[in-house]
Amino acid sequence: QVQLVESGGGLVQAGGSLRLSCAASGIRFSLSAVAWYRQAPGKQRELVAAITIGGSTVYADSVKGRFTISRDNTKNTGYLQMNSLEPGDTAVYYCAADYQWVKVTTTPRYWGQGTQVTVSS
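Cut-offs used in this document
- Residues numbered from 1 in each chain as written.
- Predicted model: local features only at pLDDT ≥ 70, side-chain atom pairs only at ≥ 80, totals over all residues.
- Heavy atoms only, no water.
- Disulfide = S-S within 2.5 Å.
- Helix = DSSP H or I, 4+ residues; strand = E, 2+ residues; numbered from the N terminus.
- Buried < 20%, exposed > 50% of the residue type's maximum accessible area, 1.4 Å probe, protein only.
- Core = buried A, V, L, I, M, F, W, Y, C linked by side-chain atoms within 4.5 Å.
- Contact = heavy atoms within 4.5 Å.
- Phe/Tyr/Trp six-rings, centres within 6.5 Å; stacked < 30°, edge-to-face > 60°.

A. Quick look at the state of the cysteines. Taken as a whole and judged by the stated rule, the model has one disulfide. The disulfide partner of Cys 22 is Cys 95, and the gap between their sulfur atoms is 2.0 Å. Because the sign of the S-S torsion sets the handedness, a value of about -75 degrees for the bond joining Cys 22 and Cys 95 places this disulfide among the left-handed ones. Separated by 73 residues along the polypeptide, Cys 22 in strand E3 (residues 18-25) and Cys 95 in strand E9 (residues 91-98) bring together distant segments of the chain. Pair check on accessibility: Cys 22 and Cys 95 agree, each one buried.

And the structure:
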């Protein structure tokens, strides 16, 4: 049974930082591409960032230069470092994984339960 468990969300003031973690189990993590998505109230879920098994990354234009995605295969954990947070970053953030890169950036097979990030102005 695959489980992705996010942690690290919370309330932060604009300009602050948070680091989200995604602990994976039941999956061959080192062979999985990992992504972070977010969904704000009344909006569609959107891709924030993704990382290949080799460490290559892609980012949404809205977070480039502020967010950094990374992975630690020894800990079966993915991360999203979020700096210079803005009220517009407020959303539920989801970790996702798939063995196929094209899938992780479109329709991932595996999802976490989500963690709330709230940025106050």
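There is more to say, and it comes next.
B. Structural view of the nonpolar core. Ranked by size, the top nonpolar core spans 28 residues in total, and within it Trp 36, Val 48, Phe 67, Leu 80, Met 82 and Tyr 93 carry the most contacts. Secondary structure elements with two or more residues in this core: E3, strand E4 (33-39), strand E5 (46-51), strand E7 (67-72), strand E8 (77-82), E9 and strand E11 (115-120). Once residues within four sequence positions are removed from consideration, Tyr 93 is found in contact with Glu 6, Leu 20, Tyr 37, Arg 38, Val 48, Phe 67, Leu 80, Met 82, Gly 114, Thr 115 and Val 117. Counting seven residues, the second largest nonpolar core, distinct from the first, contains Tyr 37, Ala 50, Tyr 94 and Ala 96.

C. How the structure looks around the packing of aromatic side chains. Throughout the structure, instances matching the rule amount to two aromatic pairs. Consider the rings of Tyr 37 and Trp 111, whose centres lie 4.9 Å apart with planes at 55 degrees: the pair is tilted. With Tyr 37 in strand E4 and Trp 111 in strand E10 (residues 110-111), this pair connects stretches of sequence that are 74 residues apart. For Tyr 37, a relative accessible area of 5% translates into the label buried.

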